[in-house]
Amino acid sequence: MQLGGFHHLTAITASVRENYHFYTRVLGMRLVKRSVNQDDVSAYHLFYADGAGSPGTDITFFDWSMPRERRGTHSLVRTQLRVQGESLEWWARRLADENVTSTGIIERDGRATIDFEDPEGQRLSFVDDGGSGDEPVPWERSPVPAAHQVRGLGPIIMSVPDLGPTEAILVHVMNMRRVRDYAHPQSSLNQVHVYEMGPGGPGAELHVAIQPDLAIARQGAGGVHHVAFRTPTFEEYDAWIARVGGAGVPHSGPIDRFYFRSLYFREPNGVLFEIATDGPGFAVDENPQTLGEHIALPPFLEPHRDRIVAALKPIE
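This one's a predicted model, so the numbers in the text were calculated from it and none came from an experiment.

With respect to the nonpolar core
Across soluble globular proteins, you tend to see nonpolar side chains buried next to one another.
Here is step 1: Leu27, Phe126, Met174 and Phe273 are the most contacted members of the largest nonpolar core, which totals 67 residues.
Here is step 2: For this core, the element with the most residues is helix 1 (residues 16-26), which contributes five residues.
Here is step 3: The residues touching phenylalanine 126, leaving out its near neighbours within four places in the chain, are Leu27, Leu81, Val83, Leu88, Trp91, Leu95, Ala112, Thr113, Ile114, Phe116 and Val150.
Here is step 4: Formed by nine residues, the second largest nonpolar core is a distinct cluster that contains Val32, Tyr259, Phe282 and Leu291.

So this is what it looks like as C-alpha cells:
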C-alpha cells in the first residue's frame, strides 16, 4: 500500500482579498472551491488548483485573522510548485514584472528552482519537474499561458530538530522510501533527507531538513497548517486508518469532508499530516465550468447557509 504523492497543502492567510489576487492573477491558478473551514465556519477555505481541481494540484488557505507566523522548526517551511523547465525563465520575468522578489533560477537537489514568497511571506518555489507526474488540466481563463501554468505540488520541505522519530513514521508507517540526502549551502537547509512515495518524482517527495538550533515555529499568517497525502480509493483510505491506528499513532478517526475523506495525525515532531482520498472531487456539487465562482457548502452545513454566508467578507 503506497501513498500517491501530495493531495493538497493547507496554509493560513490573514488577508483573503490579497491572497485571492496573488494566487489567481499573479500565479494564474484557478479558485476551484470557495468554501468554509468545516471546523470553523467563520473562516473561508479557499482551494487554488489546476483547471479541474485535480488532486495533487491544490494549495489551500484558511482565512484566519492572526499575526504573522514565527518561523522555526517543527513546521512545514516551503511549498514547491511544479512547472515545465522551459517555463522558469518566463516565471522569473513575470515575478519581476509583478514586483515579487525572487532568487532567480538556482539549483536545489539537482533541479532548477526559483524561490519567492507571497505577500504574507508564504515560502514558495517553482521547480522544474522534468515533465513528470500527472498532466494537469489548464485553466482557460488564467492570465498565465497554458504552457507555463503550475502543474501541481512539487516537493514539500519540512523542518524538524531530530530526524529519528519522524523517519520512523515516514518509513515504517507511511511506507515512504529514503532515497537521497543533499545540502544547500546558500540557505539554512544545510542537511536535507528526501523521502519518496509511490510513483516517486517531484510530486511525491517529502524533504526533511534537520535544524536543531532553530526555535519552535509559531503558527500564523504566511505559515502552513498541514500537508495532505493522496490515497486513491475509499478502501485504501480505510486500510490507512487501520495501519496508522495499529502503529499506535493517535489520529482523528475517519472524517468525511464531502469532497474527499480525511484522516489527520501528527508525526512525532508535531507536524500535522492528513491522508485524503482522490474522490469524489470538487465537481460533486458544482458545474465543472463554474467551479469556485460561488460559495459551496457540504450538505451538513447547507441548512445554515444564510448565517454562514452573512458572516463572510467579499474576496473580490
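Remarks on helix 3 (residues 163-173)
Here is step 1: Those residues of helix 3 lying buried are Leu163, Thr166, Ile169, Leu170 and Val173. Mapping the buried residues of helix 3 onto a view down its axis gives an arc of 165°, with all of them on the same face.
Here is step 2: A distance of 3.4 Å separates the backbone nitrogen of glycine 164 from a side-chain oxygen at the start of helix 3, and that oxygen is part of aspartate 162.
Here is step 3: Looking one or two residues past helix 3, asparagine 175 carries a phi angle of roughly 60°, positive in sign.

Digging into the sheet that holds strand 13 (residues 224-231)
Here is step 1: What the eight strands build is an open sheet, ordered 2-3-4-1-13-16-15-14; its pairing is mixed. If you trace the sheet from one side to the other, it starts and ends with strand 2 (30-37) and strand 14 (255-256), each paired once.
Here is step 2: Two elements, strand 3 (residues 40-49) and strand 4 (residues 58-63), share four bridges in a ladder whose sense is antiparallel. Bridging across to strand 4, phenylalanine 47 finds its partner in threonine 60.
Here is step 3: Lying over the sheet, helix 1 contacts strand 1 (6-13), strand 2, strand 3 and strand 4, oriented at roughly 10° with respect to strand 3.
Here is step 4: On top of the sheet, helix 4 (residues 234-246) reaches strand 13, strand 14, strand 15 (260-266) and strand 16 (272-280); it is set at about 15° to strand 15, its chief contact.

About the criteria used
Residues numbered from 1 in each chain as written. Predicted model: local features only at pLDDT ≥ 70, side-chain atom pairs only at ≥ 80, totals over all residues. Heavy atoms only, no water. Core = buried A, V, L, I, M, F, W, Y, C linked by side-chain atoms within 4.5 Å. Buried < 20%, exposed > 50% of the residue type's maximum accessible area, 1.4 Å probe, protein only. Helix = DSSP H or I, 4+ residues; strand = E, 2+ residues; numbered from the N terminus. Contact = heavy atoms within 4.5 Å. Arc of directions from axis to C-beta. Polar contact = N/O pair within 3.5 Å; in protein donor to acceptor, adjacent residues only side chain to side chain. Pairing = 2+ DSSP bridges. Axes fitted to C-alpha atoms, helices over the stretch in contact; angles between N-to-C directions.

Remember, this is a structural readout, not a statement about activity or role.
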